Each structure stands twice: as C-alpha cells, then as structure tokens.
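Residues per chain, in single letters:
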Amino acid sequence: MTDLLVRGGTVVTATGSSVADVAIEGGRIREVAPDLGGLAANAHEVVDASGLLVLPGAVDVHTHTRVATDAEPDRFFQDSVAAAFGGTTTFLAFNNPGTGSSPAAERSLMAGLKEWRAATSQDSAVDYAVSLAISGRMDDPVAELPAVIGEGVPTAKAFMVFDFRLADERIYQAMRVMGERGGLLEVHCEDPVLIDTAVAAALQRGDTSPRYHATTRSTTAEGVATARALAFAQQADAPVHVVHLSAADALRHVREARAAGVRVTAETCPHYLALTDERYDDPDDATVARYVISPPLRSAVDQEALWAGLASGDLDLVATDHVPDRVAVEKAEAARGIPFDRISNGAPGIETLLSIVYGFGVAKGRLTIERMVDLLSTTPARRFGLTSKGAIEAGRDADLVLLDPAARRTLRAADLHHTSDYTPYEGFEVEGAVRSVLVRGRPVVHDGVYVGSRGYGTFVARRNAGSE
C-alpha cells in the first residue's frame with residue numbers, strides 16, 4: 001500500500017522537470033511517473049501539488065549549529081526546525097571545538113565525535129550528520145582520521161588561518177590519509193602570513209572597528225591559500241573541497257586546478273551571492289559587526305563571478321556556513337569597542353538557503369531550476385557520501401520540498417525560526433516560498449506549519465565522500 005502520493009506537481013531533478021506524481025512507501029520513493037492516479041484509492045494520504053514545484057530536500061553540508069547546553073537546551077533542535085522551514089531536509093554540522101566542548105574533545109577527534117554524537121542524539125527535526133573540525137591544538141588528529149572515517153564520518157575540515165590552524169604539512173598529510181580511506185578534506189583557504197600581518201598593522205594604526213575585518217582579509221590572501229591547498233591535493237592525488245569561496249581570484253585557481261586534473265569541488269555561500277562589501281560602509285559598528293564573516297563579503301564584481309561560476313559548473317554547490325550568533329550576545333563586542341579581530345565570526349543562514357538561491361538565482365534568470373537542484377541537493381549529497389539523499393528517484397529517501405514559485409515574501413528575523421536574533425537578509429524581498437516539507441515521507445512542515453517532532457531526524461553515517 002502506498003503511504004503517500006504527491007500528485008500533479010512539477011517534479012524537478014538535476015537533469016529535467018516535468019509534471020509527475022511521486023509515490024512514497026516506507027519512507028522512500030517508490031515510483032515517479034506522469035500519472036499514478038491508480039494508486040490514489042489505496043494511498044494512505046494524497047497531497048495535491050498542483051501549481052507547485054516538487055524539489056528534493058536541500059542538503060546543507062556546511063553549518064556550525066550549536067549543541068544543546070543546560071542553559072540553552074533547545075538550541076540544536078531549534079536550528080533543525082529552522083532548516084525544515086527553509087526546505088533543508090539534511091544538514092551537516094561541525095563539532096565546533098572551542099564552543100563549550102570538553103578538554104578531551106579539544107585534543108582528540110574521536111573524543112570530539114563521541115561527545116558531539118551524545119549531545120545531538122534524539123535532538124533533530126530533520127536528518128543530520130557531522131563533519132569534524134581538525135584543530136592544530138589536537139594531539140595527533142591525522143592519526144585518528146581512519147578511525148573516525150570508520151565511524152561513518154568521512155569528511156573533516158582543516159583551517160589555514162586562526163590560532164587553531166593546521167600547519168601546511170599536516171594539511172597535506174590529512175589529504176593523503178582521507179584520500180586513501182575514501183574521505184574528503186574540506187579546507188578553509190586564507191593565507192595566515194598575509195592576514196596576520198595586515199591585522200597587526202591595522203591594530204597598530206588604531207584601526208580597530210569591525211569594518212577593518214574586511215580590509216585585512218584580502219582576495220589575494222584567499223587566492224594564494226586556495227592555490228596552495230589545490231597544489232597539495234594534486235600532489236597527494238586526493239579529493240579536496242574548498243569551503244565558502246568568496247572571490248573571483250580563488251575561483252580562477254579552482255578552475256585551473258580542475259583543468260589540470262585535480263579532484264576539487266568548491267562551494268560558495270548565500271551571503272556572498274546576496275550581499276557585498278558595501279555593508280562595511282555603514283557608520284554603525286554594531287550593524288557592521290553582523291557581517292564579520294570569514295572570508296568577508298566581497299565586491300559586486302566578485303559576486304557576479306560567483307553567479308557565473310554556479311551557472312557554468314566551476315562552482316559545485318551552495319552551503320550556508322550557518323553560525324547562529326546573536327547580536328545581543330556574540331556580536332555585542334563591537335558595541336563595547338572590542339577590536340575587530342576578537343569579534344565572533346559568522347552569520348545565520350540555515351533557514352534562508354533555498355530562499356536566497358531561488359529568489360536571487362532562479363527567479364532572476366541567473367540559474368535554471370534544474371541547476372539549482374544540482375547545487376543544493378544532488379551534488380552535495382553525492383560529494384559528501386549521502387547516497388540516499390539528493391534526488392527524486394525510486395529508492396531514494398522521500399525528502400521532498402513543495403515550493404510555491406508564485407509566492408512573494410519579505411525576509412524578516414521576526415518570521416524566522418533559527419536561534420539567532422537577526423538575519424543578514426532583513427527586508428529582502430524574494431520570490432518563491434516553501435509550503436510543505438517531507439523527511440523520509442513524513443511531513444515536518446505542512447502548509448507553513450511545523451508538524452514534526454523532536455528526535456525524528458536521524459544521524460546519517462556516510463561512506464566514500466569525495467566521489468565524482
């Protein structure tokens with residue numbers, strides 16, 4: 001018996017769109033065909049999707065969601081609910097060493113994984129997984145990589161900057177180990193020599209306000225580091241994923257490396273697609289602090305290069321780099337006059353991913369709807385080892401989003417569900433609105449109302465990340 005039949009919507013895949021029905025059984029897609037009306041009589045439920053786009057749920061592979069604490073027991077859960085409202089049915093989170101983790105987790109990948117799994121168990125509204133953050137403060141993280149890959153966590157992120165950065169030699173070693181074991185190393189590409197020198201000079205001049213965060217993190221610093229990381233990947237013969245690429249120069253290095261045979265994928269983020277460095281011109285430091293993001297927002301020229309890269313295939317996916325900071329807490333440093341290099345980095349975005357990419361991409365003719373599905377669902381699922389996710393086809397998980405393309409909405413923090421108290425897209429008018437969301441065939445959002453349950457989302461163990 002069919003559990004659920006979604007009828008009459010425009011089903012979108014990475015390769016095409018057509019009006020079709022989707023039959024769901026046991027949490028998976030049973031069949032997709034133009035007319036499955038014969039199943040309606042025996043279906044437990046029939047959903048009329050006429051006039052709507054039926055999309056595979058978005059797969060956000062880059063978030064920094066925070067785990068629950070005694071003071072904030074709902075933080076991870078609430079951001080997972082926000083993901084659902086935004087049409088994201090699976091997200092990957094980093095374990096965020098340094099944000100409340102134990103001393104043991106600060107020193108060991110495996111200890112951090114166990115701690116994170118315990119803290120997030122039975123706490124999500126949608127499906128989720130973890131990518132581990134490799135810190136230079138850990139005892140021997142490279143030696144631990146085979147064990148964590150064996151635990152179903154084949155992706156990890158290394159930083160080339162910050163005081164917990166991993167030395168270049170260790171990044172290269174990590175790439176080799178990950179490549180040999182079916183894993184994928186993600187790299188935050190900014191050059192520490194160029195940035196640390198610029199930051200020190202700015203502070204010495206007394207240029208301490210938040211806007212100098214952007215001027216000290218140049219596109220050159222990003223490009224130099226990107227080229228170096230890609231050279232490591234080429235030498236190691238290993239796949240590599242460049243996170244939050246923000247500038248045309250870094251994108252050029254990705255394009256050239258791929259042409260030379262490097263197995264590289266690269267992501268950009270919604271904030272680089274919808275915002276520019278003009279935000280740093282605001283005279284109010286507290287407002288500017290909202291855009292302290294690394295890499296920072298770039299020029300309109302860089303932004304157009306990113307959109308072109310998404311359309312052409314030079315960029316492979318869009319992920320949020322969601323950081324649930326709050327103006328009243330983490331971003332309040334600016335108002336107290338704390339120097340820019342000590343202001344918390346990041347901005348919220350887990351609920352607005354689909355809104356920004358559809359509203360500023362598809363609706364404005366920069367992307368086809370099929371390309372958007374590839375960028376938000378199909379490629380991230382494939383590249384990050386989520387083999388049951390990312391497409392509307394028989395046998396896959398029935399993770400579906402019903403999107404109304406005719407709807408218009410204004411993005412406002414007051415209407416969102418994430419744990420941040422602001423959105424960087426306040427007042428933005430966008431086309432398209434999520435109406436309903438299914439995770440493994442079960443409604444989580446129905447007609448704009450949350451109908452899910454805490455703990456329904458399951459941890460997804462993964463294998464063989466980095467596949468082409």
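Position numbers for residues count from 1 along each chain, tracking the sequence in the order it is written. With the structure being a predicted model, the display of local features is reserved for residues of pLDDT at least 70 and the display and counting of side-chain atom pairs for 80 or more, all residues being used for whole-chain, interface and lining totals. Side-chain calculation: all heavy atoms of the structure are included, whereas hydrogens and water are not.

1. A short note on the sheet that holds strand β13 (residues 317–318)
Okay, step 1: As summarised here, the arrangement of the eight strands in space is β6-β7-β8-β9-β10-β11-β12-β13, forming an open sheet in which the pairing is parallel. Strand pairing shows two members of the sheet lacking a second neighbour, β6 (58–63) and β13, which therefore form its edges.
Okay, step 2: Here β6 runs beside strand β7 (residues 88–94); their pairing, made up of four bridges, is parallel. Within β7, the residue paired with Thr63 across the bridge is Ala93. Only strands joined by at least two bridges in the DSSP assignment are considered to pair. Where helices and strands are cited, they refer to DSSP runs of H or I of at least four residues and of E of at least two residues respectively, numbered from the N terminus.

2. Let's talk about the side chain of Arg396
Okay, step 1: Tracing the backbone through its elements, the reader meets Arg396 in the loop between α14 (369–383) and β14 (400–410).
Okay, step 2: In terms of polar contacts, Arg396 uses its side chain to reach the backbone carbonyl oxygen of Thr387, at 3.4 Å. We define a polar contact as two N or O atoms separated by no more than 3.5 Å, with the added condition that, inside protein, one atom must be a possible hydrogen donor and the other a possible acceptor, whereas residues neighbouring each other in sequence contribute only through side-chain atom pairs.

3. Some remarks on the pairing of strand β12 (residues 264–268)
Okay, step 1: Note on exposure labels: buried denotes an accessible area under 20% of the residue type's maximum, exposed denotes more than 50%, and partly exposed covers the range between, all computed with a 1.4 Å probe on protein chains only. With five of five residues buried, β12 is to be regarded as a mostly interior element.
Okay, step 2: Neither face of β12 is exposed, since Val264, Ala266 and Thr268 on one face and Thr265 and Glu267 on the opposite face are all buried.
Okay, step 3: As judged from the three bridges shared by strand β11 (residues 240–242) and β12, these two strands associate in the parallel manner. By the bridge assignment, His241 is partnered in β12 with Thr265.
Okay, step 4: With its strands directed away from the observer, a crossover is right-handed exactly when the path from the first strand over the helix to the second travels clockwise. With helix α9 (residues 248–259) bridging β11 and the parallel β12, this β-α-β connection has right-handed handedness.
Okay, step 5: As paired elements, β12 and β13 share two bridges and run parallel to each other. In the sheet register, Thr268 faces β13, and the bridge partner there is Val318.

4. Comments concerning unusual backbone geometry
Okay, step 1: Geometrically, the link from Ser294 to Pro295 is a cis peptide bond, its omega value of -10° lying close to zero.
Okay, step 2: Take Pro295: it is sitting in the loop between α11 (285–288) and α12 (300–312).
Okay, step 3: The phi dihedral of Asp447 is positive, around 50°, even though this residue is not glycine.
Okay, step 4: In this structure, Asp447 sits in the loop between β16 (442–446) and β17 (449–450).
Okay, step 5: Overall, Asp447 belongs to the exposed group, its relative accessible area being 55%.
Okay, step 6: Even without a glycine there, the phi angle at Asn464 is positive, about 55°.
Okay, step 7: Of note, Asn464 is situated in the segment after β17.
Okay, step 8: Note on Asn464: relative accessible area 54%, which makes it exposed.

5. Some thoughts on helix α8 (residues 219–236)
Okay, step 1: Expected span of a helix, by definition, is 1.5 Å for each gap between consecutive residues, and there is one gap fewer than residues. With 18 residues, α8 extends 26 Å from end C-alpha to end C-alpha; this agrees with the ideal 26 Å at 1.5 Å per step.
Okay, step 2: For α8, every residue scored as buried is listed here: Ala221, Glu222, Gly223, Ala225, Thr226, Ala229, Leu230, Phe232, Ala233 and Ala236.
Okay, step 3: Contacts from the buried residues of α8 go to α5 (168–180), β10 (184–188), α6 (192–205), β11, α9 and β12.
Okay, step 4: Phi turns positive one or two residues past the end of α8, at Asp237, with a value near 50°. Contacts between residues were defined by any pair of non-hydrogen atoms, one from each residue, lying within 4.5 Å.

6. Digging into the packing of helix α4 (residues 141–150) against α5
Okay, step 1: Remark: α4 packs on α5, axes separated minimally by 9 Å, with the N-to-C direction vectors making an angle of 25°. Taken together, the axes of α4 and α5 are roughly parallel relative to one another. The handedness of the crossing between α4 and α5 is right-handed. On the side of α4, the interface is formed by Pro141, Val142, Leu145, Pro146 and Ile149, while α5 contributes Arg170, Gln173, Ala174, Val177 and Met178.
Okay, step 2: The nonpolar class holds Ala, Val, Leu, Ile, Met, Phe, Trp, Tyr, Cys and Pro. Asp, Glu, Lys and Arg form the charged class, and all remaining residues, Gly among them, are polar. Looking at the contact of α4 with α5 residue by residue, the class counts come to eight nonpolar, one polar and one charged. Each axis is a line fitted through C-alpha atoms, and for a helix only the stretch in contact is used; angles between axes span 0 to 180 degrees, taken between their N-to-C directions. Should an angle lie under 35 degrees it is considered roughly parallel, over 145 roughly antiparallel, and from 65 to 115 roughly perpendicular; all remaining angles are considered oblique. Two helices crossing with the near one rotated counterclockwise from the far one by less than a right angle form a left-handed crossing, whereas a clockwise rotation gives a right-handed crossing.

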